[in-house]
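Each chain, letter by letter, is given below.
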There are 2 protein chains.
Amino acid sequence: MSATNAPNGADALIATLLHNGVDTCFSNPGTSEMHFVAALDNEPCMRCVLGLFEGGVTGAADGYARMAGKPACTLLHLGPGLANGLANLHNARRAHSPIVNVIGEHATYHRALDAPLTADIEGFAAPVSSWIRTCESADEIAATGAEAIAAAMAPPGQIASLILPADTAWSPAATQAPVTAEVGSLRQPAADIDALAAILRSDAPTALLVNGNAVIGANLMRLGELAARTGATLIGDTFIARIERGAGRPGIRRLPYFAEQAIETLSAFEHLILVDTKAPVSFFAYPGVPSELTPASCQCHTLTAPGEDTAAALLALLDAVGGSAPAAVPELERPALPQGALNPQSIAQALAHLMPEQAIIVNEAATGGFGIPGATAAAAPHDWLDLTGGAIGMGIPAATGAAIACPDRRVIDLQADGSGMYTLQALWTQAREQLDVTTIIFANRKYAILQVEFMRVGAHNPGRRAMDMMELDRPNLDWVALAAGMGVPGTQASSAGALSSALEHSLATPGPYLIEAVL
Amino acid sequence: MSATNAPNGADALIATLLHNGVDTCFSNPGTSEMHFVAALDNEPCMRCVLGLFEGGVTGAADGYARMAGKPACTLLHLGPGLANGLANLHNARRAHSPIVNVIGEHATYHRALDAPLTADIEGFAAPVSSWIRTCESADEIAATGAEAIAAAMAPPGQIASLILPADTAWSPAATQAPVTAEVGSLRQPAADIDALAAILRSDAPTALLVNGNAVIGANLMRLGELAARTGATLIGDTFIARIERGAGRPGIRRLPYFAEQAIETLSAFEHLILVDTKAPVSFFAYPGVPSELTPASCQCHTLTAPGEDTAAALLALLDAVGGSAPAAVPELERPALPQGALNPQSIAQALAHLMPEQAIIVNEAATGGFGIPGATAAAAPHDWLDLTGGAIGMGIPAATGAAIACPDRRVIDLQADGSGMYTLQALWTQAREQLDVTTIIFANRKYAILQVEFMRVGAHNPGRRAMDMMELDRPNLDWVALAAGMGVPGTQASSAGALSSALEHSLATPGPYLIEAVL
């Protein structure tokens, strides 16, 4: 409540957010959100983190949710503020990250006047949101806020968008008591456990395609045990919101990105059992290549879909399979520090050598990062976060949010240069909050994936005008200057040795750092 | 058509775009747009300009449309690419800028598979688009493209969003001939010209609130003549897409931004005649302040609404009013170059002294720019472009697009620092295209408008936590480093003399330049 006013709708909302454990707000407010900002002044338990662009705000909320396992809220300024955050909300939706968006709106009586900032906020929100509500009075804010939290936390995690007209925030709220969010449980899977166990016990080559809750914590070890007992192969989806990996964790190979390779991988199996995921499809369509990746010779079965109780299902399946064998896990291996030329391989080697315990790796390295999972499979145990929705510009923001969620862990963002330019503003937030984030820019100075894809979709050899749309070298970006402009120190590395030294320096130094790896 | 393939849907679309004068494409393509990019290779008449973020792409299309008076097309990558461009499309919609968005989509048969990048593209497009169509075959692309162009050019100018599934672009197109867009005419106004003439001839204090087509070219001179003959006051909307001003042009005072001041301005009149605009409303709602700005004592009349034939209406009104008097126009005045402290006033004075003939001023200076229109009213004749939709981040992109549209004119972007950070990536496009754009960053290192608005909406004195959401000085941004990182040279100015020197240097030097004016 403010010093001079009675408690208002904004106060009531913040009380309900805190009551339900939502204590972090990634924010870029405007005039219509000023009462929410004023209410923040009085609630030291709500951490409010400013972003200089809403793509950074929503991407940070995604990274935070993946690591904290609970929602942050965002504070966004009307339709355009939400619009700027939509691409990373798209990624968050694909990651099943719980997020509560608080979106300011004109006062209820002002909306019909079509002022310049008036827009169809619910329309903007709909494609990414599983729950949308516009408050119409201060009195309902606490209850509606609790509904938003419940919607966000509904398994497997969703985007909830709560639209807050300015007068509902500034008017006195009759109801002051915070409201408890009633969060639904994981759904019980409908799988025929005995049938799946029979497949796993048979001689038929079988793989488990895994994602979601299956690849963290105890479930990951259960997967490893299942593989050890049955000889089944564990394959992870190409992009995973959060996976635990490295020394001591069962290794999960990944389904390749390119459709032909994915189909070839799966053609080795007669059965594919889906664990917390759905049947795999091609990222893009290509002329003459199937979009569904499971070959006709391979039968697809579902153990659990996202939102179902994977822990219970895995325990039941282990029980039905019987036997006993411990999960095969790699021991820690530290390759030598790389020498010589700087390339994706030497970056991977330096990472594998230097990665600290419990690092959080954010992977938006695109083509430059293809070899890193393999090289770091036996590195120190770490979490790995992928770009789940293909909307580039997730890396710097998600690293920012992950660092807020896990202040005791080092975050390393493997960042393609083209993608990094989408939301570079989040570097400033890393500097303001002095977050322990190391950003490695894979500076190949092109949209390399497009040069590959251009051929793959069947277009002819690109000429100068086409290449101009895929090259970033006229002029070159100077990432060290960009970072310095936002208060993040950094250096450029052109050799494997320089990269290793810079990485070692950053890992030993609190606060953010950026390394431009010139490839 | 490509060297090795038969003409496809992408070729057909580009042919129709060019046939209708759409010869500039602001672009950030992805895999699903590769055939469109391949088609560009074969069409040297289509200028394709790469942006490193879609907010820069759509904002450039807005600036281009305002100056070229015709649409550019954008090339955007699926739902997330469009989403990143929505905020500046919101501004463009408010500016009545014609734009044809070409939005890539998964192949028709791939859409149902819910691949990672799948999103409701039409849903994202709806809040900003007056026309949306998803192509379903290559054969219809030319005709649908012509419809999109016609929709974009329908008065007063609209956003058309054409969604292009990848297989419609890559499949052979049976119809090769480009299709002519049937563009609608300005609507005839329904105003009672004689009644309005009677009001203007009366002694009742009368103002004309003007915008759109009324404030450029011959219409602007007609307004001046009308004012001279009748004593009516000319008032422009607070934000105008494009207005011609300076020496030799009738002066148009602006309706103040803050509601109380706008109401006070209008309370001096008994009649308000709307010319190519609608009745004025407050930008935001404030507790206890009316949202509709025309006081009860002032009667509102419409001469023309946007999309109506303002030229014909003004000629008819001049005829009905009778008499003859030339428009009062200022002669060129060049104030002395400023000395001493750097502040918004000295920046305005330097601008007024140094502004070249036919400069294009893009105004996103926010609070720092309040005094500039007054100071430059008799500067060399120039065009002035405002932020029409309140979605910050329009300045750098719109300046980029205006410079592409008018390569012989100097563009000067008056740019608030907080707003500039939204779409700073467009500086790189200025460097790549070597555009004659001078960016002046008003570096007050805060969201100054919010510190004003915080009080005005009735919130209490902000404390540290609230101020943290409105201040950009922890750490300070270094705009010269940011610009250098994208290949744009620049300098920091901390005195009026330094600002003047830097501005003079930039105006005499081809290519982009950035001046960080530290306030």
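Here the structure is a predicted model, which is why all the values come from computation and not from measurement.

**Comments concerning the overall build of chain A**
Then comes step 1: For chain A, the count of helices and strands is 20 helices and 18 strands.
Then comes step 2: The principal-axis extents of the C-alpha atoms in chain A amount to approximately 70 × 60 × 45 Å.
Then comes step 3: Sorting the 519 residues of chain A into buried and exposed places 64% on the buried side.
Then comes step 4: Averaging the positions of the 27 positive and the 49 negative side-chain charges in chain A gives two centres separated by 6 Å.

**Points about the sheet that holds strand β13 (residues 359–364) of chain B**
Residues and elements named next belong to chain B.
Then comes step 1: Ordered by their spatial adjacency, 7 strands build an open sheet running β9-β14-β13-β15-β16-β18-β17, and the pairing between neighbours is mixed. Looking at the sheet topology across the chains shown, the edges are occupied by β9 (243–245) and β17 (490–493). The average angle at which neighbouring strand axes cross in this sheet is 20 degrees, direction not considered.
Then comes step 2: Strands in contact with helix α20 (residues 496–507) are β15 (411–416), β16 (437–443), β17 and β18 (513–518); relative to β18, the strand with the most contacts, it is inclined by about 170 degrees.

**Observations concerning the sheet that holds strand β4 (residues 99–105) of chain B**
Residue and element names in this part refer to chain B.
Then comes step 1: Strands sit in the order β2-β1-β3-β4-β6-β5 across an open sheet of 6 strands; the sheet is parallel. The open sheet is flanked by β2 (47–50) and β5 (131–134), the only strands paired with a single partner. When the angles between neighbouring strand axes are averaged without regard to direction, this sheet yields 20 degrees.
Then comes step 2: Sheet topology places β4 next to strand β6 (residues 159–165); 7 bridges connect them, and they run parallel. If you follow Ile99 over to β6, its bridge partner there is Ile159.

**Concerning the relation of the copies chain B and chain A**
Then comes step 1: The transformation that overlays chain B on chain A combines an axial shift of 0.0 Å with a rotation of 180 degrees, and the residual RMSD is 0.0 Å. The relationship between the two copies is best expressed as a two-fold rotation axis.
Then comes step 2: Taken together, the interface assignments show that 100% of the residues at the interface of chain B recur at the interface of chain A, consistent with an identical surface on both copies.

**With respect to helix α14 (residues 395–405) of chain A**
Then comes step 1: In terms of burial, α14 of chain A is a largely internal element, 10 of the 11 residues being buried.
Then comes step 2: Of the positions making up α14 of chain A, those classed as buried are Gly395, Ile396, Pro397, Ala398, Ala399, Thr400, Gly401, Ala402, Ala403 and Ile404 of chain A.

**Some remarks on the confidence of the model for chain A**
Then comes step 1: Mean pLDDT over chain A: 96, with 99% of residues reaching 70 or higher.
Then comes step 2: The complex model carries a pTM of 0.98, and its ipTM stands at 0.97.

**Some details on the interface of chain B and chain A**
Then comes step 1: Taken together, the contact pairs 104 residues of chain B with 104 residues of chain A.
Then comes step 2: Interface of chain B and chain A: buried area, both sides summed, is about 8,500 Å²; carbon and sulfur atoms make up 63% of it.
Then comes step 3: There are 4 salt bridges connecting chain B and chain A.
Then comes step 4: Of the charged contacts, one joins Asp114 of chain A and Arg94 of chain B as a salt bridge, the two residues approaching to 2.8 Å between their closest N and O atoms.

**What about the pattern of salt bridges?**
Then comes step 1: With the rule as written, the count across this model stands at 38 salt bridges over all chains.
Then comes step 2: Between Glu516 of chain A and Arg445 of chain A there is a salt bridge; the shortest N-O distance is 3.4 Å. Of this pair, Glu516 of chain A sits in strand β18 (residues 513–518) while Arg445 of chain A sits in the loop between β16 (437–443) and α17 (448–456), and the two are 71 residues apart along the sequence. Here the two residues Glu516 of chain A and Arg445 of chain A agree in accessibility, since each one is buried.
Then comes step 3: Here Arg464 of chain B and Asp468 of chain B are joined by a salt bridge, their closest N and O atoms 3.1 Å apart.
Then comes step 4: According to the relative accessible area criterion, Arg464 of chain B is exposed, its value standing at 51%.
Then comes step 5: Several salt bridges share partner residues, and in doing so they unite Arg242, Glu244, Asp383 and Arg409 of chain A into one network.

**Digging into the side chain of Arg242 of chain B**
All names here are of chain B.
Then comes step 1: You can see Arg242 is positioned in the loop between β8 (233–236) and β9.
Then comes step 2: With relative accessibility at 17%, the residue Arg242 sits in the buried group.
Then comes step 3: A polar side-chain atom of Arg242 sits 2.5 Å from a polar atom in the side chain of Asp383.
Then comes step 4: Here Arg242 is in contact with Arg66, Met67, Gly212, Val215, Ile216, Asp383, Trp384, Leu385 and Arg409, once residues within four sequence places are set aside.

**Remarks on unusual backbone geometry**
Then comes step 1: With omega at 5 degrees, the peptide bond leading from Pro155 of chain A into Pro156 of chain A counts as cis.
Then comes step 2: Among the secondary structure elements, Pro156 of chain A is positioned in the loop between α6 (141–153) and β6 (159–165).
Then comes step 3: Backbone torsion omega between Arg474 of chain B and Pro475 of chain B reads 0 degrees, so that peptide bond is classified as cis.
Then comes step 4: Look at His96 of chain A: it is not a glycine, yet its phi comes out positive at around 55 degrees.
Then comes step 5: Mapped onto the elements, His96 of chain A comes out in the loop between α4 (78–94) and β4 (99–105).
Then comes step 6: A positive phi angle is found at Gln434 of chain A, which is not glycine, with a value near 50 degrees.
Then comes step 7: Looking at the element boundaries, Gln434 of chain A is found in the loop between α16 (426–432) and β16.

Reading the values: the criteria
- Residues numbered from 1 in each chain as written.
- Chains lettered and ligands numbered in written order.
- Predicted model: local features only at pLDDT ≥ 70, side-chain atom pairs only at ≥ 80, totals over all residues.
- Heavy atoms only, no water.
- Helix = DSSP H or I, 4+ residues; strand = E, 2+ residues; numbered from the N terminus.
- Buried < 20%, exposed > 50% of the residue type's maximum accessible area, 1.4 Å probe, protein only.
- Lys, Arg positive; Asp, Glu negative; His and termini not counted.
- Charge placed at Lys NZ, Arg CZ, Asp CG, Glu CD.
- Pairing = 2+ DSSP bridges.
- Axes fitted to C-alpha atoms, helices over the stretch in contact; angles between N-to-C directions.
- Contact = heavy atoms within 4.5 Å.
- Least-squares fit on C-alpha atoms with pLDDT ≥ 70 in both.
- pLDDT = per-residue confidence, 0-100.
- Buried area = accessible area lost by both parts, 1.4 Å probe.
- Salt bridge = Lys/Arg side-chain N within 4 Å of Asp/Glu carboxyl O.
- Polar contact = N/O pair within 3.5 Å; in protein donor to acceptor, adjacent residues only side chain to side chain.

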